[in-house]
Amino acid sequence: MNNRFREHIDEEPEEEEELDIRIKKKEPVSENQFFKKLFTEGVVSKEAATEMLPFLIFLSVLGMLYIANSHMAIKNIRNIDQLSKEVKEMSWEYKSLKADLMFKSKLTEVAKKVDTLGIKELTEPPKKIVISSNEY
């Protein structure tokens, strides 16, 4: 064993080893070969894939139901928003029409409208007309 901290280092004969380095060229792997290797050589076998198929179908059906449910919820929320806007508009219209009707049904407003037709407001109370049975 050599002490590296000494000033004088004894030279040791170096053994030269020949390393056999080979460069392997990778062949381009197509998708078909990838899936073929995946199912035949290792991770998932054909039997395991066929056993998992019902579970995968179940998961995909659950996923589709989840997506459909979210779409329906969004549609309902939009419909509720639209209907609430319509209710507000109708309420405003009702209140404005009611106020307009109350204003137009005042005695002075009715008298102004009817005055153009030549009808005047009564100044004396109405009279009761009595008809006897033999006049009839």
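Residues numbered from 1 in each chain as written. Predicted model: local features only at pLDDT ≥ 70, side-chain atom pairs only at ≥ 80, totals over all residues. Heavy atoms only, no water.

For the protein, an unreviewed UniProt entry supplies the name FtsL-like putative cell division protein and the organism Pedobacter panaciterrae.

Structural notes on the overall build of the protein
Keep this limit in mind: Comment: elements are numbered from the N terminus, with helices defined as DSSP H or I runs of at least four residues and strands as E runs of at least two. Buried residues are those whose accessible area, probed at 1.4 Å on protein chains only, stays under 20% of the maximum for their type, while exposed residues exceed 50% and partly exposed ones sit between those limits. In these tables, accessible area is a Shrake-Rupley quantity obtained with a 1.4 Å probe, and a residue counts as shielded only by the protein chains included in the view.
On a plain count of helices and strands, the protein comes out with three helices and zero strands. If you list the helices and strands of the protein from N to C, you get α-α-α. Every one of the 136 residues in the protein was classed for burial, and the buried ones make up 1%. Of the accessible surface of the protein, which amounts to about 15000 Å², a share of 60% is contributed by carbon and sulfur atoms.

Some remarks on the pattern of salt bridges
The test is simple: Within this document, salt bridges are pairs made up of a side-chain nitrogen of Lys or Arg and a carboxyl oxygen of Asp or Glu, the two lying within 4 Å of each other.
With the rule as written, the count across this model stands at two salt bridges. Two residues, Asp 100 and Lys 104, come together in a salt bridge whose shortest N-O distance is 3.6 Å. Taken together, the positions of Asp 100 and Lys 104, both in helix H2 (residues 46–104) and four residues apart, correspond to about one turn of that helix. For Asp 100, a relative accessible area of 34% translates into the label partly exposed. Among the ionic pairs, Glu 109 bridges to Lys 112, the shortest N-O distance being 3.7 Å. One end of the pair, Glu 109, and the other, Lys 112, are both in helix H3 (residues 107–115), three residues apart, so they sit about a helical turn from each other. Look at Glu 109 and you get buried, because its relative accessible area is 17%.

Considerations on the confidence of the model for the protein
Our working rule: A residue's pLDDT is simply how confident the predictor is in it, with values from 0 to 100.
Put simply, the protein has an average pLDDT of 82, and 71% of its residues get 70 or more. Within the protein, helix H1 (residues 31–41) has the poorest average pLDDT of any element, 69, and H2 the best, 95.

Brief notes about H2
Worth spelling out the cut-off: Expected helix span is taken as 1.5 Å per residue step, with the number of steps being one fewer than the number of residues. The quantity called bend is, for any residue, the angle between two axes fitted respectively to the seven residues ending at it and the seven beginning at it.
Along its 59 residues, H2 runs 85 Å from first to last C-alpha, staying within 8% of the 87 Å computed at 1.5 Å per residue. Approximately 40° is the largest bend angle found in H2, and it occurs at Leu 53, with the proline Pro 54 only one to four residues beyond.

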